[in-house]
Amino acid sequence: MPEFRTPRPAKGSSASAVDNATDGDHSALMDGAIPYALRVAAGWSWRLVAIAAALWVLGKAIAPLSLLLISVLVAALLAALLSPSVMTLRKRGVRAAGAAAIAEIGMVLIVVGLLALTGQQLIRGFAALTDKAIQGYYEVTRLLHEQGLDFTSEQMNELMAHVQTAITDNPNAVLSRVSAAGSFAAEAGTGALLTLFALFFFLMEGENIWLFMVRLFPRAAQQAVNGAGRAGWKSLGAYVRVQILVAAIDAVGIGLGAAILGVPLAIPLGVLVFLGSFVPVIGALFSGAVAVLLALVALGPVQALIMLGIVLLVQQLESNILQPFIMGKAVSLHPLAVILAVAAGSILFGAAGALFAVPALALSNTVVRYLATRAWENDTENRIEPLEFAHEKRRRERAEAKAAERAARLAARTEALLHSHQENQQDSRQGSNRPDNPAQSPAADSAPDSAPESPSESSAL
């Protein structure tokens, strides 16, 4: 029977090398014992867990800066919307700063005008609907009385007394809610100012800012990063324009339904729906509640129920048909992906998450596709310099020539002043070396010795 012996290490090798080889063979055997699919799944799992942990830490780190982050993101969305108008103004000879200011001021005036029109119409309408509101109150109390639920004026006074007692007995809760509302208003105002400030610079020199960020990457990756960012910016602009289209369809649908039912203030109601469509969930709920309340006060409960059905129908069409199909086609996303993105954003981050979920998904999808297909290699629009129109280039060259001329004049003036200063210093040095008393000069001391004696001096001798 053959005898099995442990192999001895060769000459020049050590026991540790044999141990290492044995460990390597053991790990190879263990890897062979684990199925390949399980090893791949494990590798993906720990990497995904690491990415999720990094994102969680990043979210916790930037949570105190959420106001600043949301303001910058809103400014980016508005810049994607207004950048075509800025480019049109620049093409017609307006400077970049002037074009950005015109576009931003125009947007602010339009929004303020719509809000002012809506507010005035609502105030006038509610003032005219006061009598109908009182009649509606009595109608509701009559219906309750017919159903066996008496709700008299004494009960109303008792209810108001309970409300007043609850307020007076809990001043801290009331003050906390008032302070919370005040802090929210202050944050909203600060966010609006930050958004307008960032929007102006995005419109004026957004391309310069982007190219500066591109130069922070390694030189070999700059072309790919630049092209991917520009492609993502185009998809972001498409998203904002489609969102405006969807908001306009919502406003027309609800406003037209209110006009058909005879609800007063149908036009301001449509404007309110249009503006509210840009605020996910909250805006739709608020505008829909206003429409139903107007129908209830002006026309009665039956028309209010019909108005509620119209609002729900339009909002369901918007969320299940317009958003997935029109939005998905514009930003190259599947309808299911759009629905899931909005739902996930709402669950995780509330209204802000619902607002930025679809643009973030569209941007990520475009960037990944651009990089995966190496589209930057054949991209003719992948500029590494800011876009300049012909008149802007001439204006820049004239400004550079004037600046060079001013610099040359300043250099010549500086050189002349320096030369004059040097001459003055040389003259002052020569003046300080020249003696002030002639009797102390060497020539005066040697003159009596070398001069001949006069006759008077010789006679005196």
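Refer to the preceding data block for the structure.
Figured I'd write up the structure that's included with this text.

What counts and how
Residues numbered from 1 in each chain as written. Predicted model: local features only at pLDDT ≥ 70, side-chain atom pairs only at ≥ 80, totals over all residues. Heavy atoms only, no water. Salt bridge = Lys/Arg side-chain N within 4 Å of Asp/Glu carboxyl O. Helix = DSSP H or I, 4+ residues; strand = E, 2+ residues; numbered from the N terminus. Buried < 20%, exposed > 50% of the residue type's maximum accessible area, 1.4 Å probe, protein only. Core = buried A, V, L, I, M, F, W, Y, C linked by side-chain atoms within 4.5 Å. Contact = heavy atoms within 4.5 Å. Patch = residues over 30% accessible without salt bridge, like charges linked within 9 Å, V, L, I, M, F, W, Y side chains within 5 Å. Areas by Shrake-Rupley, 256 points an atom, 1.4 Å probe, with all protein chains shown as cover. Lys, Arg positive; Asp, Glu negative; His and termini not counted. Charge placed at Lys NZ, Arg CZ, Asp CG, Glu CD. Phe/Tyr/Trp six-rings, centres within 6.5 Å; stacked < 30°, edge-to-face > 60°.

1. Some words on the pattern of salt bridges
Here is step 1: Counting across every chain of the model gives five salt bridges.
Here is step 2: Across the pair arginine 230 and glutamate 207 runs a salt bridge, and its minimum N-O distance is 2.9 Å. One end of the pair, arginine 230, is in helix 8 (residues 219-261); the other, glutamate 207, is in helix 7 (residues 171-214), and 23 residues separate them in sequence. Assigned by exposure class, arginine 230 and glutamate 207 land together as buried.
Here is step 3: Close ionic contact of glutamate 207 with arginine 383 constitutes a salt bridge, the shortest N to O distance being 2.5 Å. Of this pair, glutamate 207 sits in helix 7 while arginine 383 sits in the loop between helix 12 (335-372) and helix 13 (390-433), placing them 176 residues apart in sequence.

2. What about the nonpolar core?
Here is step 1: Ile254, Ala258, Val263, Leu269, Ala291, Leu294 and Met307 are the most contacted members of the largest nonpolar core, which totals 19 residues.
Here is step 2: Listed by contribution, the elements that provide at least two residues to this core are helix 8, helix 9 (266-276), helix 10 (282-298) and helix 11 (301-331).
Here is step 3: The contact partners of isoleucine 254, leaving out residues within four places of it in the chain, are Leu269, Val273, Ala291, Met307, Val311 and Val314.
Here is step 4: Ala75, Ala79, Leu82 and Ala99 belong to the second largest nonpolar core, which has eleven residues in total.

3. Section: helix 9
Here is step 1: With eight of eleven residues buried, helix 9 lies mostly within the body of the structure.
Here is step 2: Here helix 9 has its buried residues at Ala266, Pro268, Leu269, Gly270, Val271, Leu272, Val273 and Gly276.

4. Description of a positive patch on the surface
Here is step 1: A grouping of Arg95, Arg394, Arg398, Lys402 and Arg406 is seen on the molecular surface, where their side chains present a positively charged patch.
Here is step 2: Along the chain, arginine 406 turns up in helix 13.
Here is step 3: For arginine 406, a relative accessible area of 48% translates into the label partly exposed.

5. Things to note about the packing of aromatic side chains
Here is step 1: In the structure shown here, the tally under the stated rule is two aromatic pairs.
Here is step 2: Seen in terms of ring centroids, phenylalanine 197 and phenylalanine 201 are 5.1 Å apart; in terms of plane orientation they differ by 65 degrees. Their pairing is edge-to-face. Note that phenylalanine 197 and phenylalanine 201 are positioned in helix 7 at a spacing of four residues, about one turn of the helix.
Here is step 3: Judged by its relative accessible area of 56%, phenylalanine 197 is exposed.
Here is step 4: When the ring of phenylalanine 200 is compared with that of phenylalanine 201, the centres are 5.4 Å apart and the planes differ by 80 degrees; the resulting orientation is edge-to-face.
Here is step 5: For phenylalanine 201, a relative accessible area of 28% puts it in the partly exposed group.
Here is step 6: Members of the aromatic cluster, each reached through a chain of ring pairs, are Phe197, Phe200 and Phe201.

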